[in-house]
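Examination of the molecular architecture
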Amino acid sequence: QYSNNDIENAKSSYTKAILSAREHKFINEEALACELAGYFYLSIDDKSTAVDYFTQAHEKYHEWGAFSKTSKLYEFVQSEFRFMHRESTQNSLQINAQNDLNQGVSKRLSDH
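To start, this report covers the structure provided alongside it. Just so it is clear, the model here is predicted, and its values are computed rather than measured.

Further remarks concern the packing of helix α2 (residues 27-43) against helix α4 (residues 67-80). Two quantities define a packed helix pair, namely the angle between the helix axes and the distance between the axes. At their nearest, the axes of α2 and α4 sit 13 Å apart, and the two run at 15° to each other. On the basis of their axis angle, the class for α2 and α4 is roughly parallel. As α2 packs across α4, the resulting crossing turns out to be left-handed. Taken together, the residues of α4 that come into contact with α2 (itself represented by Glu35, Tyr39 and Leu42) are Lys69, Leu73, Phe76 and Glu80. For the contact of α2 with α4, the residue count by class is 4 nonpolar, no polar and 3 charged.

This is the structure in structure tokens:
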């Protein structure tokens with residue numbers, strides 16, 4: 001739909017995909033849908049909405065336990081949006097990134 005330049009229908013489709021994944025408790029699918037929505041909004045130059053979706057994706061990847069993905073998404077958001085001053089988003093991502101690191105270290109230590 002987006003490839004046909006139907007922006008409004010694409011927005012609606014991303015929202016429906018996110019809500020469906022949430023309704024069915026598919027955390028990984030919700031994370032992916034949020035991330036893809038973030039890229040979509042970035043491509044249409046709606047950076048504020050993109051940051052919101054990337055933040056949601058980060059939170060859902062974290063909830064799912066995909067810590068490597070949360071780290072990569074955090075790095076992308078930091079590099080792509082360094083010019084934006086969205087303190088709450090940055091704080092949320094920083095806290096989750098630190099938690100990811102702590103959990104990863106704890107898991108490695110318990111594995112040995």
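Take the environment of Thr70 next. Following the sequence through the fold, Thr70 ends up in helix α4. Each C-alpha atom, one on Thr70 and one on Glu59, is 8.0 Å from the other, the two residues being 11 residues apart in sequence. Reaching out from Thr70, the side chain makes a polar contact with the backbone oxygen of Phe67 at a distance of 2.7 Å.

Before going further, it helps to spend a moment on a nonpolar patch on the surface. The grouping of Leu32, Leu36 and Tyr39 at the surface amounts to a nonpolar patch, some 240 Å² of accessible area in total. Relative to the helices and strands, Leu36 is located in helix α2.

Secondary-structure assignment places Leu73 in helix α4. Since its relative accessible area comes to 3%, Leu73 is described here as buried. Taking the C-alpha atoms as reference points, Leu73 and Thr55, 18 residues apart in sequence, are found 9.0 Å from one another. Leave out the neighbours within four places in its chain, and Leu73 touches Glu35, Tyr39, Phe54, Ala57, His58 and Tyr61.

Attention shifts here to the pattern of salt bridges. Within the structure shown, the criterion is met by 6 salt bridges. The closest approach of N and O atoms between Glu30 and Arg22, which form a salt bridge, is 2.7 Å. Between Glu63 and Lys60 there is a salt bridge, with the nearest N and O atoms lying 3.0 Å from each other. A residue pair is termed a helical-turn pair when its members lie 3 or 4 positions apart in one helix, as Glu63 and Lys60 do in helix α3 (residues 47-64) at 3 residues. Residue Glu63 is classed as partly exposed on the basis of its relative accessible area, which comes to 48%. Taken together, the salt bridges that share partners define one network made up of Arg22, Glu30, Lys60 and Glu63.

Here is what the cut-offs are and how they apply
- Sequence order as written defines residue numbering, which begins from 1 separately in each chain.
- pLDDT decides what is reported in this predicted model: residues at 70 or higher carry local features, side-chain atom pairs at 80 or more are listed and counted, and totals for whole chains, interfaces and linings draw on all residues regardless.
- Side-chain measures were taken over the full set of non-hydrogen atoms in the model, leaving aside hydrogen atoms and water.
- A fitted line through C-alpha atoms serves as each axis, taken over the contacting stretch for helices, and the angle formed by two N-to-C directions is quoted from 0 to 180°.
- Put simply, DSSP H or I for four residues or longer makes a helix, DSSP E for two residues or longer makes a strand, and each gets a number counted from the N terminus.
- Orientation categories follow fixed angle ranges, with anything under 35 degrees roughly parallel, anything over 145 roughly antiparallel, 65 to 115 roughly perpendicular, and all other angles oblique.
- Each crossing gets its hand from how the near helix is turned against the far one by less than a right angle, where anticlockwise is left-handed and clockwise is right-handed.
- Only heavy atoms matter for contacts: two residues are in contact if any of them lie within 4.5 Å across the pair.
- We call Asp, Glu, Lys and Arg charged. Ala, Val, Leu, Ile, Met, Phe, Trp, Tyr, Cys and Pro are nonpolar, and the rest, Gly among them, are polar.
- We define a polar contact as two N or O atoms separated by no more than 3.5 Å, with the added condition that, inside protein, one atom must be a possible hydrogen donor and the other a possible acceptor, whereas residues neighbouring each other in sequence contribute only through side-chain atom pairs.
- Patch definition: residues above 30% relative accessible area lacking any salt bridge, with like charges linked at up to 9 Å and the nonpolar side chains Val, Leu, Ile, Met, Phe, Trp and Tyr linked at up to 5 Å.
- Here, Shrake-Rupley sampling with a 1.4 Å probe gives the accessible areas, and only protein chains in the shown set may cover a residue.
- Each reported salt bridge corresponds to a side-chain nitrogen of Lys or Arg within 4 Å of a carboxyl oxygen of Asp or Glu.
- Exposure is judged per residue with a 1.4 Å probe applied to protein chains only, and the accessible area is read against the type maximum: over 50% gives exposed, under 20% gives buried, and values in between give partly exposed.

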